[in-house]
Every structure is written in structure tokens, then in C-alpha cells.
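Structural overview for review
Now for the letters of each chain:
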Amino acid sequence: MSSLSQIGPVRGRRTRRDVGRRPGVRTWGLAAALMLFTAPAAQAAEIRILTPLVTFNAGLKDLVTAFTEATGIKATLMVSGMSKIIEDASTVSPAPDVIIVPMDLMGTMSRTGHLEAHSFAPLGRVEIGLAVKAGAPHPDISTVPKLAAALRSAEAVLYTNPTGGGMAPKIIQAMLDRPEFAGVPSRYSSRGEGGQALKNGEGDMALQLVCEILPYKEIALVGPLPRELGAHIDSAVAVSARAADPKSASAFVAYILRPEAAAVWKAKGLDRF
Amino acid sequence: MRFMWLAALLAAVIVPSANAAEIRIISPGVTLNAGLKDLAADFTKKTGVKTTIITSGMSKILNETKTAVPPADVVFVPLDLMGSLALDRGIKPGSFTALGRVEIGLAVKAGAPHPDVSTMPKLLAVLKSGKGVLYSNPASGSMEAAIIDRLLKRPEFAGVHGVISSEGEGGQALRRGEGDMALQLVCEVYPYSDISLVGPLPPELGAHIDSAVAISARSTDPKDAAAFITYITNRAAAKIWKAQGLDRF
């Protein structure tokens, strides 16, 4: 049983000229004739993109929509958990055309023949940050001792339960296990992400991926954790070896990596490399 | 006299471009030992562009990339460090290229039996049977040594007699007879005929270093730097990397 959630297909938008026009007989005839020539290509122009939540929430949804609008190529997002994504990439049917995963997993997938040769492209970094309730003061967390002091001053520092298999909660757990963070009143979210638990009033601070803080207006990002903690997820993108449409898949990868796309990623919490 | 003027004029035009045809490559030991030396020499033979390799430890390589004089043109570092360098604008945008993976493996003395280390239980049984499992000193700042040290501190590895090499790498200590097994990057086992690679550790341990290459933002010759990266990442180069322990992505 697959754990995949499918979002889409995201279809091309009708243009203003299309809206309100009723096709006449001649138009239908022309359309039918055109379909004879174009139907096979049109069927091929659909891609499936396998992604974990970190990139799904960090701009991918918007870029998929923009890509479809720009090219007419349908795109379906398939969201999978980190613990199952490699298995899903090799077994799910229909197969994904594009795969987005953290760097280390992409390296493994490259070595195990999951990717089109040399299509592994570094994408960007999403930091783990500290969130507080909107309007609450923002403590200084620019160094590890200052972060540790801020966390110790909290009533409860919320984060997602790492037994769910998420990569970010495991990174947070490993960080909180370090001696510098002894005495931090940490607590798992009762349901969903740490940021959602903060929104629901289960505590006064949360450690969460930046891209999963920015969507909620009831909570505010204080800032990313200090660099030396290595609290981030670096992602990469590649064309699947099972892609039914590798040409459109390559076009999609080029589209989301172009410099103009960097602002979309950045606004949602991913810094492009 | 007219010829001398002409020669002087030509020299003035040619010398700067000849000077420019030299690139500096900064690399940690893992990529240096996994094919980079040979590929840099091949690149020079084919293009005439001189290559100078500067080796740096993992703990200092980012700082040296940002500050060393003269600056490096091409930078090799593990993927995670390259991400940080990219975000600090230490590399030319768009030049971050995923290179490949070097596994950590188990080595024994040449001629000793090769045990089965293909699964975690089998690896554990083998390591527990060793008199001394050598590895490099993690206090040196070595990434590989830190990975092995963390591995040996896991509860499953309790009972393994890990021994830090008295000098240099774990594989070198195995050669000197300081123990009967060593955990070491495979690219640092291959060069020695008196020790032998049993195999890489099981993949679920994640015992590897993934590397990347990019053009330094401080490069004085980005064109030749880009040509070098194209050369070392082409399909033909994959065999050279593979033979010395790096699997190309």
C-alpha cells in the first residue's frame, strides 16, 4: 500500500480569449482534425513529480502551477514520507518523472539506478528555525549559547514527533540531546507539526522547518538556528530512470532551477544553491 | 631591430594569457585520493592548462576557499559543505555539481581471509571478532574518522575493540600491524598492496562521504575552471574515479 498523496494534475489555465466563447461546428471540426495530429503528443505532455513535504511546502506547488501555465504540460505532485520515498520512487505506478529528495538520499538513488544518468542537480537548503506566537518578543538566537538560553526560558518548546519518520524532527531530537541543550523543556506536538501545535497553544515556542512556519500568520519566525548546528535539509532534484516523459521532466527541472525561480523558493523558505 | 620590437610586442600579448592558463584546485583528502590527481594530470596533458592541487583538511577547507591567496579556481568539498559555501556566495552561481560517493569499508591485511560484511549482524560479528579495529583519529578533524567514531559508539557496536591509529590513517596503522582490521575510506585502502579491501559497510549505516565540485567565486580563470569540471565529470572520467574508489552520481 503506497503512502503517496497525489495533488493535481495542475492543468493549464484558460486564457481570457477562451473564456465565454462557445465553439461552433467549424471549430469542432477543426479541433477534431487537430486532435488527430496532436493527441499522442498531448498525452505524453504530462509529468509526475515525487517529493517529500519539505520541498512541497517550500515553493514547489507554486512552481508546478507556473510551469503548467507556461508550457501547457500537466504536472501531478506525489507527496511521500522520507522513510518510504525511495521505495515509492521504484515501485509506484504510474512512475514519477521527476524526483526531489534530500541530497544524501539522492546520492543513494543515483547509485542504485533510480535516476537518469547525470541528472542529479543540487536544489537548495531549508533551515530549521525557531517560531514564537505572532506578536511575542523575538529572542536573540544568533549563537548556540543564546539559543540554548532562549529555549530554556520557554514553558514548552514544541516539535514534531520523530517516530513519524520525518527527517527534520530527527535533526531536532539529535540537537536537543546535545549537552548544551540540557534543561530545555521540549515536548512533542500532540498532533501534526510543532508549528501547528504552537498555533494551537500547546506551548510558547516551536522548532520547525522554516517553510512550515511561514504559512501560518498566527506564529512568527524568529530566525534560523545557528549555522554550526547543521539544522537544515539540503535537497536535490533529478529525472527518474522510470520517467515516461524524460524530455518534459528535464524541461521541468530546468524551469525550477532557473535563476528567476529563486525568488519563489526563497519566499517559501528554500534558499537556492 | 624591427624583429625585436615585434617579438617584444608578441610577448606582451601572449604572456598574460599563458599566465592565465593555470588553475588551482582545493580538495580534501577524500577526492584527492579517489582519482583527482590522475584526472588533473590528464587534463593538463590534453589542454596544456597547468593544474595545482591544494590539499586541505575538512575543518579548514571552507575558510581557505574564502581567504587563501592566491585563490583556488575549483573547489571540492562534501555536499553539505558545498551547500553552505553556495549560500555564503563562495562559489559561482550555477556551478555546484554533485560528483560522487566514497564508501567507508573494512580492510584486512593482504592474504587474510575476507569475512562476510554484507549485513549489519554479519559486520558486527566480524568486528567483534577483531583484536583491534583501527581507524583514524577523530580529533584531527577528519570527517571520515568522525563518522566511524559515531558508528562505534552506537549500542549495536558495543564489544567492538576500536583502536585509534597512533599516526595517520587507520589503514596505515593496519599496515604497521597495530591491529588486524581497519575501517577506512575505500580510496585510502586501494593504494596499499599490503592491505586488502573486504568491502564497503552495509548501506543502512550511511558510512560514506558524498562530494561536490564547483567554481570558486574568487576564481581568476573561471573559463578554464569550468573546462576542468566538464572534463572530470564526463563519462570517460567515471572509470578513473571508480577505479580509485569514487562512484560518480
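A brief report on the enclosed structure follows. Bear in mind that the values here come from a model prediction, so they are computed numbers and not experimental data. (Residues numbered from 1 in each chain as written. Chains lettered and ligands numbered in written order. Predicted model: local features only at pLDDT ≥ 70, side-chain atom pairs only at ≥ 80, totals over all residues. Heavy atoms only, no water.)

This next bit is on the overall build of chain B. The helix and strand inventory of chain B stands at nine helices and ten strands. Overall size of chain B, expressed as C-alpha extent along the three principal axes, is 80 × 40 × 35 Å. Taking all 249 residues of chain B together, 49% fall into the buried category. Expressed as a percentage of contacts within chain B between residues at least 6 apart in sequence, the contacts between residues at least 24 apart total 77%. Accessible surface, chain B as shown: approximately 11,600 Å² in total, 59% of it carbon and sulfur. One finds the centroid of the 26 positive side-chain charges in chain B at a distance of 5 Å from the centroid of its 23 negative side-chain charges. (Helix = DSSP H or I, 4+ residues; strand = E, 2+ residues; numbered from the N terminus. Buried < 20%, exposed > 50% of the residue type's maximum accessible area, 1.4 Å probe, protein only. Contact = heavy atoms within 4.5 Å. Areas by Shrake-Rupley, 256 points an atom, 1.4 Å probe, with all protein chains shown as cover. Lys, Arg positive; Asp, Glu negative; His and termini not counted. Charge placed at Lys NZ, Arg CZ, Asp CG, Glu CD.)

Next up on the list: helix α8 (residues 222-232) of chain B. All names here are of chain B. Inspection of α8 places D224, A225, F228, I229, Y231 and I232 among the buried residues, and these make up the whole buried set. Axial view of α8: buried residues confined to an arc of 160°, hence all on one face. With respect to the buried face of α8, the exposed residues turned more than 90 degrees away are K223 and T230. (Arc of directions from axis to C-beta.)

Further remarks concern the layout of surface pockets. Looking at the largest pocket, its volume works out to about 2,100 Å³. I171, G230 and H232 of chain A together with D80 and R150 of chain B are the residues nearest the centre of the largest pocket, which is lined by 44 residues in total. If you list the elements that add at least two residues to the lining of the largest pocket, you get α4 (103-111), α6 (167-176) and β10 (232-239) of chain A together with α4 (79-87), α6 (143-152) and β9 (208-215) of chain B. The element that contributes the greatest number of residues to the lining of the largest pocket is α6 of chain A, accounting for six residues. Residues of the lining of the largest pocket, tallied by class, amount to 22 nonpolar, nine polar and 13 charged. In this structure, the second largest pocket spans a volume of roughly 800 Å³. (1 Å grid on protein atoms, 1.4 Å probe; cavity = no way out; pocket = protein on both sides within 12 Å on 5 of 7 lines; lining within 4 Å. Points joined across faces, edges and corners; volume = space filled by probe spheres on them. Nonpolar A, V, L, I, M, F, W, Y, C, P; charged D, E, K, R; others polar.)

A few words on the pairing of strand β2 (residues 50-55) of chain B. In the sheet, strand β1 (residues 22-27) of chain B pairs with β2 of chain B via six bridges, with the strands oriented parallel. Residue pairing for β2 of chain B: I23 of chain B is matched across the bridge by T51 of chain B. (Pairing = 2+ DSSP bridges.)

Once that is clear, we can look at the side chain of S165 of chain B. Residue and element names in this part refer to chain B. With respect to the helices, strands and loops of the structure, S165 is situated in the loop between β6 (162-164) and α7 (170-175). A polar contact of 2.8 Å, which involves the side chain of S165, links it to the backbone oxygen of E167. A distance of 3.5 Å separates a polar atom in the side chain of S165 from a polar atom in the side chain of R176. In contact with S165, other than residues within four places in its own chain, are Y135, G170, A173, R176 and E178. (Polar contact = N/O pair within 3.5 Å; in protein donor to acceptor, adjacent residues only side chain to side chain.)

Honestly, it's all geometry; don't read function into it.
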